[in-house]
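Single-letter residue listing:
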Amino acid sequence: MKGGGFRIYVLAYLVFLYAPILLLPLFAFNDGTVIAFPLSGFTTKWFAAAAEQPSLWLAVKNSLIIAAASAAISTALGIFAARASTRYEFPLKGGVMGLIMLPLVLPEIIVAVSLLVVLLGLGVNLSILTVILGHVLICTPFAIAILTSAFQSLDRSLEEAAYDLGETGLSTFRLIILPLVMPGIISSLLISFTISLDEFIIAFFLAGTQTTLPIYIFSQFRFPQSVPIIMALGTVLVACSIVLLTIAEYLRRRGLARSGAKDTGGFL
Amino acid sequence: MHSGGEMEQETRWGRFRRSEAAQGYLMVGTPALYAILLLGAPLATIILYSFLTDGYLEIIRDFTFANYREAWTNELYRSVMLRSLWVAAAVTAVTVLLAFPVAYFVSFHVAPDRKSLWLFLITIPFWTSYLIRVFLWKVILGFNGVVNSGLMGLGIIDEPLTFILYNVNAVVITLAHAYAPFAILPIFVALEKIDRSLLEAGQDLGESKVMTFWRVTLPLAMPGVIASVLIVFIPTIGDYVTPALVGGPEGRMVANLIQLQYLKLDNYPLGSAIAVSAMSIVTVVSLIFLFLNRRFLRGPK
């Protein structure tokens, strides 16, 4: 096998990447309140305790609403922007696209405070809605990045053939382009959903008195007795996000296979 | 000539409406408007606020540089900003140095049809809840944590190590773990683009493997290295959660300071000045690296 020493280093690196996540289920099922070795027996009581917290369920519900809305809106905006940037040339294109993609290179706290100042200045009440406004802002660049690669792999002659056969611009988009970029749209929805679900600082600033799942977890840091409950919650979250990502990756590959492009790697 | 002016304008407008540029604007219009209203305008607002004066419960419209003077000369604020810069630099260096061999391995030593599986494996931890991961590091590094209980159980140490939690070290470890996948991907993409025949040519011309790496592979991979430096540096310098949760009082960073000014002290002008300063530092560092990148692309002379 080529690169023996390399292989050992890379495996060690993967262990470093995965170690904390592998500890999660270990302590979620551990029958002890202190997170330390040795383990003291198997239990599922922390999962039951987590499920019994009404404030946790409220936070989950809020987070799901915010994530679903942010994913839908940012993917819709992403479709327009990605289509514009891959298909059309227009003056100031770089500047306009640059502004839309700016949140990728801006620390999130700056997005959060600047939105907070403007919303308070306009007299807007902070709620789930204001969190959605902020999350759409940071999810849209990721949606555009994913959708741009979907639109780029489109064969333009298919579109022209449809025009030649008498379809209008709109019907061509619906009948030809949309089905071909559908896997990209779905993976953009899933990625935006995951980003929004996990986002803390913007939600922390813009949620007012509402809580989201990350805000709930953040608030539990102060209580040592709730650590095992957070471990159980984390196990569930990690399992969910692995399932979502596997679906997203599967769809992305199928989309590439369908449009005949070469697989060039991950989402980013 | 003059009588035809109106007609000509109309056809020009008609031509514009059917033109590629108009269709492009029509497409990009909604997302652009969203970004202008909810990102452009708010950023302009905090830049404006940073030059105004803080009054009791209101902002006085007096133009001043006092907020910036305070942000840059006050010992406390300056030390927090310097620490943020230092922590972000340390995290970036550690992350990118550790990531490069992994990206190299996946690009050069993994069969092509298995590369995307490897990348998927590397990215999974990144997509799991960030707060949960920070929580786990707190648990791992804590006084009664996994590291201490493990080491004491093995008899390597007698007393728990205290230098690993609630200080800058803990912040660096946690952030270096959090941004690892982000550093690998751009380097991997750059390595994939390298024409393998160049490497063979290098060795055919009598260079050793090490020299070929040093003189061919590394310079060609530099754009990827610089991209990953920026991708790690920018979010780390503005990170709030990690310093707040594992940093302790010694590990506070600029995001914590901004939050304090806005939400606790209600001093919007000073908070804005600190935020704009942080943004400027990020921009300056990014520009330096982009400039270095251009030098690399032009090649050594």
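These numbers were taken from a predicted model, which means no experiment stands behind them.

**Topic: the overall build of chain A**
Right, on to step 1. The secondary structure content of chain A amounts to 11 helices and 0 strands.
Right, on to step 2. Counting from the amino terminus, chain A carries its helices and strands in the arrangement α-α-α-α-α-α-α-α-α-α-α.
Right, on to step 3. Looking at the 268 residues of chain A, the share that counts as buried comes to 51%.
Right, on to step 4. Put simply, 68% of the contacts in chain A that link residues at least 6 apart link residues at least 24 apart.

**Quick word on the UniProt feature "domain: ABC transmembrane type-1" (unreviewed entry) in chain B**
Right, on to step 1. Sites flagged by UniProt as "domain: ABC transmembrane type-1" (unreviewed entry) map to residues 81-291 of chain B.
Right, on to step 2. Segment residues 81-291 of chain B splits into 79% helix and 0% strand. End C-alpha atoms: 24 Å apart.

**A word on helix α5 (residues 108-121) of chain A**
All names here are of chain A.
Right, on to step 1. Over its 14 residues, α5 runs 20 Å from end to end, which matches the ideal 20 Å to within 8%, given 1.5 Å per residue.
Right, on to step 2. The buried fraction of α5 amounts to 11 of the 14 residues, a majority that puts the element mostly inside the structure.
Right, on to step 3. Those residues of α5 not exposed but buried are Ile109, Ile110, Val111, Ala112, Val113, Ser114, Leu115, Leu116, Val117, Val118 and Leu119.

**Section: the nonpolar core**
Soluble globular proteins tend to bury their nonpolar side chains together.
Right, on to step 1. Grouped together as the largest cluster of nonpolar side chains are 153 residues, with contacts concentrated most on A:Ile109, A:Phe205, A:Ile217 and B:Leu191.
Right, on to step 2. Considering every element that reaches this core, the biggest residue donor is helix α4 (residues 75-109) of chain B, with 16 residues.
Right, on to step 3. What A:Ile109 contacts, discounting residues up to four positions off in sequence, is A:Ile201, A:Phe205, B:Gly238, B:Tyr240, B:Ala255 and B:Ile258.
Right, on to step 4. Of all hydrophobic cores here, the second largest spans 13 residues; its members include A:Ala81, B:Ala21, B:Met27 and B:Ala35.

**Some points on the packing of helix α6 (residues 130-141) of chain B against helix α8 (residues 168-178) of chain B**
Residues and elements named next belong to chain B.
Right, on to step 1. Running from amino to carboxyl end, α6 crosses α8 at an angle of 140 degrees, the nearest separation of the two axes being 10 Å. Judged on the interaxial angle alone, α8 and α6 are oblique. Considering how the two elements wind past one another, α6 and α8 form a crossing that is right-handed. Contact residues: α6 offers Tyr130, Arg133, Val134, Trp137 and Leu141, while α8 offers Ala170, Ile173, Thr174, Leu175, His177 and Ala178.
Right, on to step 2. In terms of residue class, the contact of α6 with α8 is made up of 8 nonpolar, 2 polar and 1 charged.

**Re the interface of chain A and chain B**
Right, on to step 1. The partner chain B presents 73 residues to the 83 residues of chain A that form the contact.
Right, on to step 2. By the criterion of area lost to chain B, the three top residues of chain A are A:Tyr13, A:Val117 and A:Phe221, representing 9% of everything that side buries.
Right, on to step 3. The interface formed by chain A and chain B holds 0 salt bridges in total.
Right, on to step 4. For the interface between chain A and chain B, the tally reads 7 residue pairs in polar contact (both at pLDDT 80 or more).

**Remarks on empty space enclosed by the protein**
Empty space among the atoms becomes visible once a probe the size of a water molecule is rolled across them.
Right, on to step 1. On inspection of all chains with the given rule, the structure shows 3 cavities of 30 Å³ or more.
Right, on to step 2. In this model, the largest cavity occupies a volume close to 50 Å³.
Right, on to step 3. As for the largest cavity, its lining consists of A:Leu77, A:Ile100, A:Pro103, A:Leu137, A:Thr140, B:Pro31, B:Tyr34 and B:Ala35.
Right, on to step 4. For the lining of the largest cavity, the elements supplying multiple residues, two or more each, are α6 (128-152) of chain A together with α2 (20-49) of chain B.

**Describing the UniProt feature "transmembrane region" (unreviewed entry) in chain A**
All names here are of chain A.
Right, on to step 1. When the UniProt feature table is mapped onto this chain, "transmembrane region" (unreviewed entry) is found at residues 7-28, 34-51, 63-84, 96-122, 129-151, 171-193, 200-217 and 229-251.
Right, on to step 2. For residues 7-28, helix accounts for 100% and strand for 0%, while the C-alpha atoms at its two ends are 31 Å apart.
Right, on to step 3. Span residues 63-84 is 100% helix and 0% strand, its end C-alpha atoms 31 Å apart.

**Some words on the confidence of the model for chain B**
Right, on to step 1. Residue-level pLDDT values for chain B average 82, and 93% of them are 70 or greater.
Right, on to step 2. Confidence, expressed as mean pLDDT per element, reaches its minimum in chain B at helix α1 (residues 5-18) of chain B with 63 and its maximum at α4(B) with 89.

**Quick look at the pattern of salt bridges**
Residue and element names in this part refer to chain B.
Right, on to step 1. For the coordinates displayed, the defined rule picks out 4 salt bridges over all chains.
Right, on to step 2. A salt bridge links Lys115 to Glu192, with the nearest nitrogen and oxygen atoms 2.9 Å apart. Residue Lys115 is found in helix α5 (residues 115-127), and its partner Glu192 is found in helix α9 (residues 180-193); the two are separated by 77 residues along the sequence.
Right, on to step 3. With a relative accessible area of 12%, Lys115 lands in the buried category.
Right, on to step 4. For Glu192, a relative accessible area of 31% translates into the label partly exposed.
Right, on to step 5. Among the ionic pairs, Arg196 bridges to Glu192, the shortest N-O distance being 3.9 Å.
Right, on to step 6. Here the salt bridges do not stand alone but share partners, grouping Lys115, Glu192 and Arg196 into one network.

Rules behind the numbers
Residues numbered from 1 in each chain as written. Chains lettered and ligands numbered in written order. Predicted model: local features only at pLDDT ≥ 70, side-chain atom pairs only at ≥ 80, totals over all residues. Heavy atoms only, no water. Helix = DSSP H or I, 4+ residues; strand = E, 2+ residues; numbered from the N terminus. Buried < 20%, exposed > 50% of the residue type's maximum accessible area, 1.4 Å probe, protein only. Contact = heavy atoms within 4.5 Å. UniProt positions renumbered as here; feature names shortened; annotations may be inferred. Expected span 1.5 Å × (residues − 1). Core = buried A, V, L, I, M, F, W, Y, C linked by side-chain atoms within 4.5 Å. Axes fitted to C-alpha atoms, helices over the stretch in contact; angles between N-to-C directions. Parallel < 35°, antiparallel > 145°, perpendicular 65-115°, else oblique. Left-handed = near helix turned anticlockwise from the far one by under 90°. Nonpolar A, V, L, I, M, F, W, Y, C, P; charged D, E, K, R; others polar. Buried area = accessible area lost by both parts, 1.4 Å probe. Salt bridge = Lys/Arg side-chain N within 4 Å of Asp/Glu carboxyl O. Polar contact = N/O pair within 3.5 Å; in protein donor to acceptor, adjacent residues only side chain to side chain. 1 Å grid on protein atoms, 1.4 Å probe; cavity = no way out; pocket = protein on both sides within 12 Å on 5 of 7 lines; lining within 4 Å. Points joined across faces, edges and corners; volume = space filled by probe spheres on them. pLDDT = per-residue confidence, 0-100.

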